[in-house]
Amino acid sequence: MSALLEVRDLFKTYGTGDTATRVLRGLNLRLEAGEMAALLGPSGSGKSTLLTILGTLTKPTSGSFVMLGNDMIAAGDKELTDFRNAHIGFVFQFHNLLPDFTALENVVFPSAVREGRETPAARARGRDLLTRMGLADRINFPTANLSGGQKQRVAVARALMNSPELVLADEPTGNLDRASAMQVMDLIGQINRDEGTTFLISTHDDKIAGLCQRQIVVGDGVVTG
Amino acid sequence: MLYALKIATRYLTANKAQTALLVTGVAVGVFIFIFMSALIGGLAEFILSRTVGDISHVTIEAEFDDPPLLISPRGHVLVVAERGRTRTATLTEAATWLPLIEAVPGVKAVSPQITGAGFLTRGAQVAQVSVTGVEPGRESAILDLDGYMVEGEARLGSGLIVLGRELADDLALTIGQTLRVQSANGVTAALTLSGIFDTGNGGMDGARAFTSLSTARTLFAMPQGVTRIEIKLGELNAADATAQRIRAMTGLDAVPWTDGAEQLMEALNAQAQTGYFLKTFALITIVIGVASALLLSTYRRRPEIGIMRAMGAGRRFVIFVFVAQGALIGLMGGVTGAALGYVALLPFPSRDAFEAGTLPMDITQGSYGLAITLTVIGAILASILPARSAARVEPVTAIGQ
Ligand SMILES: Nc1ncnc2c1ncn2[C@@H]1O[C@H](COP(=O)(O)OP(=O)(O)O)[C@@H](O)[C@H]1O
Ligand SMILES: [Mg+2]
């Protein structure tokens, strides 16, 4: 396997002076292409912080970050925006979908924002993805009318829209009941096997972590296991 | 950017009640703008039609020729002047100029006239009168004589005279009676009273008489030419330019009505300024309303903006989504307000039928296109601040709770 991304000596501090929170303190991590990894650690250990940095949503205080051969620290906002659009998919725990749009419109968004319109090809792929997520009968539903599990499956479909190399999921099952959580994890596992998409999934649930090939544990601002 | 427009539209339709309220607010502002335009425009029209509707817009008057100076062989200067006769300046070439002046763009009517002073006598009664000889058929070209007739007809023919109501009353004259007119040149003629007018203007009704041009020729011993050419224009504001044009073309001293009407123009200007002031306030209200509503919307939608940014929407895309919302609100509010304004102005009498006591609203001066255009521009400007604030939402906002 080849390295999809590598971070070295990563530091992230929120705030300054007395109120400064030093979340990441020299963290090193390498993800191989095609991995399905769980990110474990107690609440407040910096899982979300690490995911936002790997997702180029924010920059570390210091350290190096290379993904697909690109220096992600040096890149500017416009380059990072385009990079995210093409190579990284996201599934969040909260505020996942655009509430005023249908399931299909949400899924198609990453393509439409790049193309400037919703192309027929993107719509066809969106329908495909939603069907694979078991949502064939919810394609044109307003997302406000979907259940929590259905919303997360729409989010997974959207994360896959532009066929990214990496999908970052921040506690994607945190708000779901066990059955819905298992269904979502099942689908993620299938995509990982079928398409070789790399997944990094933060969770504090050992059962969910057990479904992944690799477990990465963070503590005290570094990877401890 | 078509896609950003779709998102903007969806944001507006997702919150129909709020959007309707906002559009209504904008429409009210536009309504006020249009109402003010129609009122100020109608008022100016009304005042102008009352003050200069019946007067010549461009007037050419004959200039007195300086008496010829002769230098005698002995070095004296000789002034050649006729004695004992009223000198009358004439526009001898009038017949040549008339068709040319009539062809000047914007000229609605041209009336060559011979004017002079005289006395009316009937029995023992004598009244001073100012006689205007006009071409038959052009009696109503400048002053709407026909419209002011209370008895008889405005039509002037040979041997006929039309007088003002006061003058006729003073001399106890009725239609069909004959009276003697003696001009300042000493010519006397017996004329038949064929019509009486009442303009409501005392100076006019008590001292003016109209005859045909040929009668005036006889009275004032002027076998050719005229003393005055009055010109009516389609557009009052064009008087200065048209007068200049006629001067350049004919070399005659054409004077626009605005010469000597500075006070009126100042008053109208002040009125127009008031209108601009109120209209500007209406626009500012629109801008503030749209800006605050959109700013609120950007705060409410921060998480969504974060999600869009995380999914690969650039700052420009976000800006466009909010500016497009502003433009759409401006367009909808502008069109609605313009339509409401138009409908509200429909019951007012048209500009030709203004009556004292009612607001002289002019529906044709509502500036509908300008109101819509300025509103859309204002709404776009209003959305720039919220749009920039939206574009500053960091993508990391998406991951927060
Ligand atoms: N934007 C922020 N500003 C200040 N402190 C923050 C911010 N985000 C997270 N933190 C703090 O950083 C620590 C790590 O948070 P987080 O990355 O969310 O951990 P986890 O996802 O593992 O629960 C926590 O103590 C949290 O309070
Ligand atoms: Mg977290």
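Note that the structure is predicted; figures quoted are calculated from it, not measured.

1. Regarding the environment of Ala154 of chain B
Residue and element names in this part refer to chain B.
Turning to step 1, where the next piece is worked out: Considering the arrangement of structural elements, one finds Ala154 in the loop between strand E6 (149-152) and strand E7 (160-164).
Turning to step 2, where the next piece is worked out: Under the relative-accessibility criterion, Ala154 is labelled buried at 4%.
Turning to step 3, where the next piece is worked out: Along the primary structure Ala154 and Glu262 are separated by 108 residues, whereas in three dimensions their C-alpha atoms are 33 Å apart.
Turning to step 4, where the next piece is worked out: With residues near it in sequence (within four places) discarded, Ala154 still touches Glu139, Leu145, Asp146, Met149 and Val162.

2. Side note on the packing of aromatic side chains
Turning to step 1, where the next piece is worked out: Using the criterion set out here, one finds eleven aromatic pairs over all chains in the structure.
Turning to step 2, where the next piece is worked out: Ring-pair connections join several aromatic residues into one group, and the members of that group are Phe101 of chain A together with Tyr11 and Phe322 of chain B.
Turning to step 3, where the next piece is worked out: Between the NZ or CZ atom of Lys279 of chain B and the centre of the ring of Phe33 of chain B, over which it lies, the distance is 5.3 Å.
Turning to step 4, where the next piece is worked out: Cation over ring: Arg301 of chain B sits above Tyr11 of chain B, and NZ or CZ is 3.7 Å from the ring centre.

3. Focus: the confidence of the model for chain B
Turning to step 1, where the next piece is worked out: Mean pLDDT over chain B works out to 88, with 95% of the residues at or above the 70 mark.
Turning to step 2, where the next piece is worked out: With pTM at 0.77, the complex prediction returns an ipTM value of 0.94.

4. Some thoughts on the site of ligand 1
Residues and elements named next belong to chain A.
Turning to step 1, where the next piece is worked out: Neighbouring residues of ligand 1: Tyr14, Val23, Pro42, Ser43, Gly44, Ser45, Gly46, Lys47, Ser48 and Thr49.
Turning to step 2, where the next piece is worked out: Thr49 is positioned such that a nitrogen or oxygen atom in its side chain is 2.5 Å from an oxygen atom of ligand 1.
Turning to step 3, where the next piece is worked out: Coverage of ligand 1 by the protein chains reaches 57% of its 560 Å² of free accessible surface.
Turning to step 4, where the next piece is worked out: In terms of residues, the shell around ligand 1 owes the most to one element, helix H1 (residues 47-54), which gives three residues.
Turning to step 5, where the next piece is worked out: Looking at the shell around ligand 1 residue by residue, the class counts come to three nonpolar, six polar and one charged.

5. Remarks on the UniProt feature "transmembrane region" (unreviewed entry) in chain B
Residues and elements named next belong to chain B.
Turning to step 1, where the next piece is worked out: In this structure's numbering, the residues bearing the UniProt feature "transmembrane region" (unreviewed entry) are residues 20-44, 276-296, 317-345 and 365-385.
Turning to step 2, where the next piece is worked out: The span residues 276-296 carries 100% helix and 0% strand; its end-to-end C-alpha distance comes to 30 Å.
Turning to step 3, where the next piece is worked out: Helix makes up 86% of residues 365-385 and strand makes up 0%, while its end C-alpha atoms are separated by 33 Å.

6. A few points about the pattern of salt bridges
When the charged atoms of two side chains with opposite charge come close together, those side chains can pair.
Turning to step 1, where the next piece is worked out: Scanning all chains against the criterion turns up 23 salt bridges over all chains.
Turning to step 2, where the next piece is worked out: Arg315 of chain B is the partner of Asp77 of chain A in a salt bridge, and the nearest nitrogen-oxygen pair spans 3.4 Å. Residue Asp77 of chain A is located in helix H2 (residues 77-87), and its partner Arg315 of chain B is located in helix H11 (residues 315-345); the two belong to separate chains.
Turning to step 3, where the next piece is worked out: We classify Arg315 of chain B as partly exposed; its relative accessible area is 30%.

7. Considering the packing of helix H3 (residues 103-115) of chain A against helix H4 (residues 120-132) of chain A
Two quantities define a packed helix pair, namely the angle between the helix axes and the distance between the axes.
All names here are of chain A.
Turning to step 1, where the next piece is worked out: At a minimum axis separation of 9 Å, H3 and H4 run at an interaxial angle of 125 degrees. Judged by the inter-axis angle, H3 sits oblique to H4. The crossing of H3 and H4 is right-handed. Contacts between H3 and H4 involve Ala103, Leu104, Val107, Val108 and Ser111 from the first element and Ala122, Arg123, Gly126, Arg127, Leu129 and Leu130 from the second.
Turning to step 2, where the next piece is worked out: A breakdown of the residues in the contact of H3 with H4 according to their chemical character gives seven nonpolar, two polar and two charged.

8. Regarding the sheet that holds strand E9 (residues 214-219) of chain A
Residues and elements named next belong to chain A.
Turning to step 1, where the next piece is worked out: Ordered by their spatial adjacency, six strands build an open sheet running E6-E7-E8-E3-E9-E10, and the pairing between neighbours is mixed. At either margin of the open sheet sits one strand with a lone partner, and together these are strand E6 (88-91) and strand E10 (222-223).
Turning to step 2, where the next piece is worked out: With four bridges joining them, strand E3 (residues 36-40) and E9 adopt parallel strand pairing. Paired with Leu40 across the two strands is Val217, which belongs to E9.
Turning to step 3, where the next piece is worked out: In the packing of H1 onto the sheet, contacts are made with E3, E6, strand E7 (166-170), strand E8 (198-202) and E9, and the angle to E7 comes to roughly 155 degrees.
Turning to step 4, where the next piece is worked out: Contacting E3 and E8, helix H6 (residues 178-195) crosses the sheet at an angle of about 155 degrees to E8.

Cut-offs and rules
- Residues numbered from 1 in each chain as written.
- Chains lettered and ligands numbered in written order.
- Predicted model: local features only at pLDDT ≥ 70, side-chain atom pairs only at ≥ 80, totals over all residues.
- Heavy atoms only, no water.
- Helix = DSSP H or I, 4+ residues; strand = E, 2+ residues; numbered from the N terminus.
- Buried < 20%, exposed > 50% of the residue type's maximum accessible area, 1.4 Å probe, protein only.
- Contact = heavy atoms within 4.5 Å.
- Phe/Tyr/Trp six-rings, centres within 6.5 Å; stacked < 30°, edge-to-face > 60°.
- Lys NZ or Arg CZ within 6 Å of the ring centre and 35° of its normal.
- pLDDT = per-residue confidence, 0-100.
- Near = heavy atom within 4 Å.
- Polar contact = N/O pair within 3.5 Å; in protein donor to acceptor, adjacent residues only side chain to side chain.
- Areas by Shrake-Rupley, 256 points an atom, 1.4 Å probe, with all protein chains shown as cover.
- Nonpolar A, V, L, I, M, F, W, Y, C, P; charged D, E, K, R; others polar.
- UniProt positions renumbered as here; feature names shortened; annotations may be inferred.
- Salt bridge = Lys/Arg side-chain N within 4 Å of Asp/Glu carboxyl O.
- Axes fitted to C-alpha atoms, helices over the stretch in contact; angles between N-to-C directions.
- Parallel < 35°, antiparallel > 145°, perpendicular 65-115°, else oblique.
- Left-handed = near helix turned anticlockwise from the far one by under 90°.
- Pairing = 2+ DSSP bridges.

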